[in-house]
Amino acid sequence: MRAHRRLRRRVLLKRRALAKRRARAKRDPGVAYRGYRCRRDGEAVPELDCGGAAPDARRFFDAFVKLRKPCVLRRYCAAAPLGSVAAAATARDPSAAWAASLETACGASCVRVEVAAPGERAFGRGREATVRVAGLLKECAAAAAENRACRYYLSTQELAEDDEGRPEVCGGPAAALAARADGPPLTCPLLPTLILANANVWMGAAPDAAPTKSGLHHDFHDNVLVLVCGRKTCRLWDPSLAGALRPAGALEKLHANGRAVYASSPRAAADGRDAGASRAREISDELDALREDDDAAADRLLEELLAAEAAPPPPASSGGPENFSALKKTRPGPRFRDVVLEAGDALYMPCGFWHEVSSSGGVHAAFNWWCHPPDASSFDSPYSSSFWRDDWARRERDDPLVKRWAERVLLWDRRRNDAAPPRRRRGSSLNGSSRS
């Protein structure tokens, strides 16, 4: 009887502890985060010097990606195969080389730019305009020559959707550059097993005395930002401070890997996939496999498909992007020491890390890869679901840009295999005869 009472008591205590954790998580979503945290105010972000060689992707995953730990990669462009991005960043005049690359790839194309209000230096406030890339390049060059801030800032672009409702992986200048033979790769060499969500080009101009600012926000994907020219100063806060940093949207929870979930997309999993979309794809595959005369099963699956694709009603708008902070001036701590990026440097930020970026140094430009955040700890299998791998396979079949990229990778692999010397098996000679 005593043993039975002790067991009941332990179960009761565990239930109480679980209830307390749940109540605390409801008050502060940051407690669910299980990744790396800033331990003291002013802690330095780890740095790697890549001047000699690019870091090994598997070791980088184990040391940073798996632990959800940010990292600065100094002189990354000097060693990484980034095509025109690395060529411009390592040129004698990076801004001129980058402008020439953009002019060649998409000078006549129109892009959407953010516009700063008169007297302001902050972007990300919803004011936008459409300009030609050539016009943007001239405006940035003129602002840099006159030592003033450019009123335009090139950021993310609207993405077209395919028949299944999937957005493109990149649009505008990023797509134009990636389509060229000397363009940047669609798969980030630092994160080769993570699936690309989006790639972008960022560009503006500002003097050192009056840098432009992005506003405090977090991303929904793992981010590798490569600075091509200019200078960027990044302030970072870890995801555990999500509640204290007061996002504009209704934050419902935070996954252990830092992926934030808002009321606008409550079914988002830790790797970013929508649970309804994942089930809808499974049902679509089941429908394709049905016999033509199985009407009853088809009706049942169609009802399930409609229910899975039904989106929840959007919450009331707060007047700004949900992943931006509503704080005006005060910033809770602790936060990391400021990271200053120069041309050729890169910064890896796991999803959910809050950051505020100041750009200066004349013309400043960057290229970034946003990858779906991993929810598993294996380099070879970073996702617990096959959803994103299957999605990428469909893109390689249907998306012209991704299909061309897959063909380029296949060609490179063949050339590498042809150029490599034959591997000698252990215990046998080169001609295949075994040793006794």
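As the structure is a prediction and not an experimental result, all values here were calculated from the model.

### Quick look at the packing of aromatic side chains
Tallied over the full model, the rule gives 10 aromatic pairs. For the ring pair Phe-367 and Trp-369, a centre distance of 5.0 Å and an interplane angle of 65 degrees mean the geometry is edge-to-face. Classification of Phe-367 by relative accessible area gives buried; the value is 1%. Grouped by ring-pair contacts, the aromatic residues Tyr-36, Phe-336 and Phe-353 constitute a single cluster.

### Considerations on the packing of helix α4 (residues 94-106) against helix α5 (residues 133-145)
In a pair of packed helices, the angle between the axes and the distance between the axes together describe the arrangement. Contact pair α4 / α5: the axes reach a minimum separation of 9 Å and the direction vectors enclose 165 degrees. Regarding the angle of α4 to α5, the classification is roughly antiparallel. For the pair α4 and α5, the crossing hand works out as left-handed. Here Ala-99, Leu-102, Glu-103 and Cys-106 of α4 lie close against α5, whose contacting residues are Val-133, Ala-134 and Leu-137.

### Points about the side chain of Asp-345
Relative to the assigned elements, Asp-345 resides in the loop between β12 (339-342) and β13 (346-349). For Asp-345, a relative accessible area of 6% puts it in the buried group. Residues contacting Asp-345, with those up to four places away along its chain left out, are Leu-73, Arg-74, Arg-75, Tyr-76, Leu-225, Val-226, Leu-227 and Val-340.

### Topic: the confidence of the model for the chain
Scored by pLDDT, the chain comes out at a mean of 85, with 79% of its residues at no less than 70. Ignoring residues within four places in sequence, the model shows residues 425-436, a span with pLDDT below 50, making seven contacts including any to other chains.

### Quick notes on helix α2 (residues 57-65)
Every α-helix carries 3.6 residues per turn, so stepping three or four residues along brings you back to the same face. Among the residues making up α2, those that are buried are Ala-57, Phe-60, Phe-61, Phe-64 and Val-65. The buried side chains of α2 occupy one side of the element, clustering within an arc of 105 degrees when seen end-on. The residue sitting at the N-terminus of α2 and contributing the capping side-chain oxygen is Asp-56; that oxygen lies 3.2 Å from the backbone nitrogen of Arg-58.

### As for the pairing of strand β9 (residues 222-237)
Counting buried residues along β9, 13 of its 16 residues qualify, which places the element largely inside the surrounding structure. Direction of pairing for β9 relative to strand β14 (residues 354-371): antiparallel, over a ladder of 14 bridges. Across the sheet, Lys-232 pairs through a bridge with Ser-359, a residue of β14. Pairing between β9 and β13: four bridges, direction antiparallel. Following the sheet pairing, Val-224 is matched in β13 by Tyr-348. By the bridge criterion, four bridges tie β9 to β12 in an arrangement that is antiparallel. Across the sheet, the residue bridging to Arg-231 is Glu-342, located in β12.

### A look at the pairing of β14
With 17 of 18 residues buried, β14 lies mostly within the body of the structure. Relative to β14, strand β6 (residues 196-206) runs antiparallel, the two being bridged by 10 bridges. Bridge assignment links Gly-204 to a residue of β14, and that residue is His-364. Pairing geometry for strand β7 (residues 212-213) and β14, over two bridges, is antiparallel. Looking at β14, one finds that Lys-213 is bridged to Ser-358. Sheet topology places strand β8 (residues 217-218) next to β14; two bridges connect them, and they run antiparallel. Residue pairing in the sheet places His-217 in a bridge with His-355 of β14.

The rules behind each value
Residues numbered from 1 in each chain as written. Predicted model: local features only at pLDDT ≥ 70, side-chain atom pairs only at ≥ 80, totals over all residues. Heavy atoms only, no water. Phe/Tyr/Trp six-rings, centres within 6.5 Å; stacked < 30°, edge-to-face > 60°. Buried < 20%, exposed > 50% of the residue type's maximum accessible area, 1.4 Å probe, protein only. Axes fitted to C-alpha atoms, helices over the stretch in contact; angles between N-to-C directions. Helix = DSSP H or I, 4+ residues; strand = E, 2+ residues; numbered from the N terminus. Parallel < 35°, antiparallel > 145°, perpendicular 65-115°, else oblique. Left-handed = near helix turned anticlockwise from the far one by under 90°. Contact = heavy atoms within 4.5 Å. pLDDT = per-residue confidence, 0-100. Arc of directions from axis to C-beta. Polar contact = N/O pair within 3.5 Å; in protein donor to acceptor, adjacent residues only side chain to side chain. Pairing = 2+ DSSP bridges.

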